[in-house]
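Notes for the structure review
As a plain string of letters, each chain reads:
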Amino acid sequence: LAQLPPTCDPARAGVVAADLEGELERVLEGGAVLITLSAFLDLVSERWIDRLVAAAGRQGSAVYAALSYDGRTACQPFDAMDARVLAAFNAHQRRDKGLGAALGPRAGEVAAERFAAAGFRVLTARADWCVGPDMPELQRQLLSVWVSAVAETGQIDPNVLAHWHERRRADIERGRLQLTVGHVDLLALPPQSAAAPPR
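Predicted, not measured: the structure shown is a model, and the values here were computed from it.

1. Some details on the overall build of the chain
- Within the chain one finds seven helices and eight strands.
- Each of the 199 residues in the chain was classed as buried or not, and the buried ones make up 41%.
- Long-range contacts, defined here as pairs at least 24 residues apart, represent 82% of the contacts in the chain between residues at least 6 apart.

2. A look at the side chain of Asp70
- Considering the arrangement of structural elements, one finds Asp70 in the loop between strand 3 (62–69) and strand 4 (74–76).
- Within the structure, the side chain of Asp70 is placed 2.8 Å from the side chain of Arg72, a separation counted as a polar contact.
- Here Asp70 is in contact with Pro105, Gly182, His183 and Val184, once residues within four sequence places are set aside.

3. Concerning the sheet that holds strand 6 (residues 129–131)
- The strand order 4-7-6 describes an open sheet built from three strands, whose pairing is antiparallel. Each edge of the sheet is formed by a strand with only one pairing partner; in this case those strands are strand 4 and strand 6. Strand-to-strand twist in this sheet, taken as the mean axis angle between neighbours without regard to direction, amounts to 10°.
- In this structure, strand 4 lies alongside strand 7 (residues 178–181), joined through three bridges in antiparallel fashion.

4. Regarding helix 3 (residues 82–93)
- Compared with the 16 Å implied by 1.5 Å per residue over 12 residues, the 16 Å span of helix 3 between its first and last C-alpha is a close match.
- Listed as buried for helix 3 are Asp82, Val85, Leu86, Ala88, Phe89, Asn90, His92 and Gln93.
- Residues of helix 3 that are buried sit in contact with strand 3, strand 4, helix 5 (136–153) and helix 6 (158–173).

5. A word on the packing of helix 3 against helix 5
- Their axes nearest at 8 Å, the elements helix 3 and helix 5 cross at an angle of 75°. In terms of their interaxial angle, helix 3 and helix 5 are classed as roughly perpendicular. Residue-level inspection shows Val85, Leu86, Ala88, Phe89 and His92 of helix 3 in contact with helix 5, the latter providing Val145, Trp146, Ala149, Val150, Glu152 and Thr153.
- Looking at the contact of helix 3 with helix 5, its residues break down into eight nonpolar, two polar and one charged.

6. With respect to the packing of aromatic side chains
- Under the counting rule described, the total for this entry stands at four aromatic pairs.
- Each ring, one from Tyr69 and one from Phe89, has its centre 5.7 Å from the other, and the planes form 75°; the classification is edge-to-face. Residue Tyr69 is located in strand 3, and its partner Phe89 is located in helix 3; the two are separated by 20 residues in the primary sequence. Neither residue differs from the other here; Tyr69 and Phe89 are each classed as buried.
- Taking 6.2 Å as the distance between ring centres and 50° as the angle between the ring planes, the aromatic pair formed by Phe89 and Trp146 counts as tilted. Of this pair, Phe89 sits in helix 3 while Trp146 sits in helix 5, placing them 57 residues apart in sequence.

7. Looking at the environment of Pro158
- Counting through the fold element by element, Pro158 comes out in helix 6.
- Each C-alpha atom, one on Pro158 and one on Val147, is 9.5 Å from the other, the two residues being 11 residues apart in sequence.

8. With respect to unusual backbone geometry
- Look at the link from Gln76 to Pro77: it is a cis peptide, with omega at 5°.
- The topology assignment puts Pro77 in the loop between strand 4 and helix 3.
- If you check the backbone angles, Ala39 has positive phi at about 50° while not being a glycine.
- Mapped onto the fold, Ala39 is located in the loop between strand 2 (34–38) and helix 2 (46–59).

9. Details of the pairing of strand 3
- Burial analysis of strand 3 places six of its eight residues in the buried class, which makes it a mostly covered element.
- By the bridge criterion, five bridges tie strand 2 to strand 3 in an arrangement that is parallel. The partner of Ser38 across the bridge, within strand 3, is Ala66.
- Taking the sense of rotation as the criterion, the β-α-β connection linking strand 2, helix 2 and strand 3 turns out right-handed.
- Of the pairings in the sheet, the one linking strand 3 to strand 8 (residues 183–189) comprises five bridges and is antiparallel in character. Its bridge partner being in strand 8, Val63 is matched across the sheet by Ala188.

About the criteria used
Residues numbered from 1 in each chain as written. Predicted model: local features only at pLDDT ≥ 70, side-chain atom pairs only at ≥ 80, totals over all residues. Heavy atoms only, no water. Helix = DSSP H or I, 4+ residues; strand = E, 2+ residues; numbered from the N terminus. Buried < 20%, exposed > 50% of the residue type's maximum accessible area, 1.4 Å probe, protein only. Contact = heavy atoms within 4.5 Å. Polar contact = N/O pair within 3.5 Å; in protein donor to acceptor, adjacent residues only side chain to side chain. Pairing = 2+ DSSP bridges. Axes fitted to C-alpha atoms, helices over the stretch in contact; angles between N-to-C directions. Expected span 1.5 Å × (residues − 1). Parallel < 35°, antiparallel > 145°, perpendicular 65-115°, else oblique. Nonpolar A, V, L, I, M, F, W, Y, C, P; charged D, E, K, R; others polar. Phe/Tyr/Trp six-rings, centres within 6.5 Å; stacked < 30°, edge-to-face > 60°. Right-handed = clockwise from strand over helix to strand, strands pointing away.

Laid out in structure tokens, this is it:
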């Protein structure tokens, strides 16, 4: 989570270590013109987003949240186990990550609704990862993350999950696997910014 100060003076830039569950409001004090987050909203709770919206509204800050996972994940070629594996992964994404029960794939949608209800002008756009056969190492890493997360849910028999993983690794070795991981970017402009004419 980062802030751009009103003066945009690089001398004011710095790193602050903070507990974003207990100290969110303190961290956001100071009248930043822009608050940015990347690959983060899907880790937080509904209540945490409400607090972010309230803090940004109080100081008139715009908020840019990039790369919120939205659950639109797909693998090609088709495998009959894909839907079960990805459903279990999405369930894991909704576990508590230290900031309350995580919204996971619903984060972008919920954030857009809450900012709009608070009077912000909200713009969203897809920012999907398209990971093709030319990126085999990244594909291997993604599959490993998915399998580890799914294993923690206990929703799929370990042997069945291992066989799915083996088939997908074979697809990588053959250069035929295409992964799409859905993400959304969100820009929320405070009421005064939304109403201001373009320059």
